[in-house]
Amino acid sequence: SILWLIVGTLTLAIALLVGREVVARWQQLRSIEALQDATRFSDRLFDATDTISVERDIAFAMLHAPDTEDVTDLRTRLDESRRHAEAEFAKALGSIDHYPFPELETLHKSVEAHMSRIRMLRRQIDQSLAAPKNGRDMALADRWYDEVTGLIQQAQESWTPFIGHFT
């Protein structure tokens, strides 16, 4: 019976050690999965900023285009980049709700505010592009460029505190 007691105690000790290792590995796996999710969110956010930077550059070029023919040539690319930017930001903002971090709430509000101003500027750009170059509001190009650049910078600045939760 002493032998059974020793064997039982050793078995219990081994089970506890193995169980502790399994729990440690499981926690490590959960951390890796959380980092993968955060990386996907980061990728979506940076894809969104990349697409809106393309839109920014196309619209800026169109506002400075010397003739309506150049504007017409770029119109399809502008419309496509707008749709793509809206879709990418919708995906990125939809992913924010998965994380309880306060900097993401701030980012969400900031992105929404920027996007609201960007949508308003898009309408103004469309109206301005209908006019010949000398009739365009050239200050609009600077406001547009600054607004989109501000959005991109806000996203980049918010990324570092966000990813810090996972590294």
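Refer to the structure presented above.
All residue numbers refer to position in the chain's written sequence, counted from 1. In keeping with the predicted nature of the model, local features appear solely for residues at pLDDT of at least 70, side-chain atom pairs appear and are counted solely at 80 or more, and the whole-chain, interface and lining totals rest on all residues. Computation of side-chain values: all heavy atoms of the structure, hydrogens and water removed.

**A short note on a negative patch on the surface**
- Note on patches: the residues involved have over 30% relative accessible area and no salt bridge, like charges join within 9 Å, and the nonpolar side chains Val, Leu, Ile, Met, Phe, Trp and Tyr join within 5 Å. The accessible surface values rely on the Shrake-Rupley method and a 1.4 Å probe; as for residues, cover is taken only from the protein chains in view. In what follows, salt bridge is the name for a side-chain nitrogen of Lys or Arg lying within 4 Å of a carboxyl oxygen of Asp or Glu. None of His or the chain ends enter the tally, which takes Lys and Arg as positive and Asp and Glu as negative. By convention, the point assigned to a charge is CZ for Arg, NZ for Lys, CD for Glu and CG for Asp. On the surface, Asp67, Glu69, Asp70 and Asp73 cluster together into a negatively charged patch.
- The rule is simple: take the accessible area with a 1.4 Å probe, protein chains only, and divide by the maximum for that residue type; under 20% is buried, over 50% is exposed, in between is partly exposed. Look at Asp73 and you get exposed, because its relative accessible area is 53%.

**Observations regarding the packing of helix α2 (residues 68-96) against helix α3 (residues 102-129)**
- Axis lines are fitted through C-alpha atoms, for helices just across the contact stretch, and the angle between N-to-C directions can take any value from 0 to 180 degrees. Helix and strand assignments come from DSSP, with helices taken as H or I runs of at least 4 residues and strands as E runs of at least 2, each series counted from the N terminus. Put simply, α2 and α3 touch, their axes get as near as 12 Å, and they point 165 degrees apart. By the criterion of interaxial angle, the relationship of α2 to α3 is roughly antiparallel. Considering how the two elements wind past one another, α2 and α3 form a crossing that is left-handed. Taking contact as the criterion, the partners of Val71, Arg75, Leu78, Arg82, Ala85, Glu86, Phe89, Leu93 and Ile96 in α2 are, on α3, Leu104, Leu107, His108, Val111, Glu112, Met115, Arg119, Arg122, Ile125, Asp126 and Leu129.
- Split into classes, the residues belonging to the contact of α2 with α3 amount to 12 nonpolar, one polar and seven charged. By definition in this entry, angles of less than 35 degrees are roughly parallel, angles greater than 145 are roughly antiparallel, angles of 65 to 115 are roughly perpendicular, and the rest are oblique. Should the near helix be turned counterclockwise from the far one by less than a right angle, the crossing is left-handed, whereas a clockwise turn marks it as right-handed. We call two residues contacting when some pair of their heavy atoms lies within 4.5 Å. Lys, Arg, Asp and Glu make up the charged group, whereas Ala, Val, Leu, Ile, Met, Phe, Trp, Tyr, Cys and Pro make up the nonpolar group; the residues left over, Gly among them, are polar.

**Some words on the nonpolar core**
- Residues Phe41, Ile52, Tyr99, Leu104 and Phe162 are the most contacted members of the largest nonpolar core, which totals 37 residues.
- For this core, the elements supplying multiple residues, two or more each, are α1 (2-63), α2, α3 and α4 (138-164).
- Once you skip the residues sitting within four places of it in the chain, Leu104 turns out to touch Phe41, Ile96, Tyr99 and Phe162. Put simply, a nonpolar core is a bunch of buried Ala, Val, Leu, Ile, Met, Phe, Trp, Tyr and Cys residues held in one set by side-chain atoms that sit within 4.5 Å of each other.

**Observations concerning the packing of aromatic side chains**
- For Phe, Tyr and Trp, rings pair up if their centres lie within 6.5 Å, where Trp contributes its six-membered ring, and each pair is then called stacked (planes under 30 degrees apart), edge-to-face (over 60) or tilted (otherwise). A complete count under the given rule lists one aromatic pair for this structure.
- For the pair Phe60 and Tyr145, a centre-to-centre distance of 5.1 Å together with 55 degrees between the ring planes defines the contact as tilted. Of this pair, Phe60 sits in helix α1 while Tyr145 sits in helix α4; the two residues are 85 residues apart in sequence, bridging distant segments of the chain.
- The ring of Tyr145 has Arg56 sitting right over it, with the charged end atom 4.6 Å from the ring centre. In this scheme, Lys NZ or Arg CZ marks a charge over a ring once it lies within 6 Å of the ring centre and within 35 degrees of the ring normal.

**Observations regarding the side chain of Ser42**
- Its place among the elements puts Ser42 in helix α1.
- A relative accessible area of 5% means that Ser42 is categorised as buried.
- Contacts of Ser42, omitting those with residues within four sequence positions, involve Trp159, Phe162 and Ile163.

**Some points on α2**
- Helix span is expected to be 1.5 Å times the residue number reduced by one. Over its 29 residues, α2 extends 41 Å from the first C-alpha to the last, a length consistent with the 42 Å expected when each residue adds 1.5 Å.
- Here the bend at a residue means the angle between the axes of two seven-residue stretches, the one that ends at it and the one that starts at it. In the structure, α2 departs most strongly from a straight axis at Leu74, where the bend amounts to approximately 40 degrees.
- The inward-facing, buried residues of α2 contact α1, α3 and α4.

**Re a nonpolar patch on the surface**
- A cluster of nonpolar side chains, namely Ile2, Ile6 and Leu10, defines an oily patch on the protein surface of about 310 Å² accessible area.
- Its location among the elements puts Leu10 in helix α1.
- The class for Leu10 is exposed, based on a relative accessible area of 52%.

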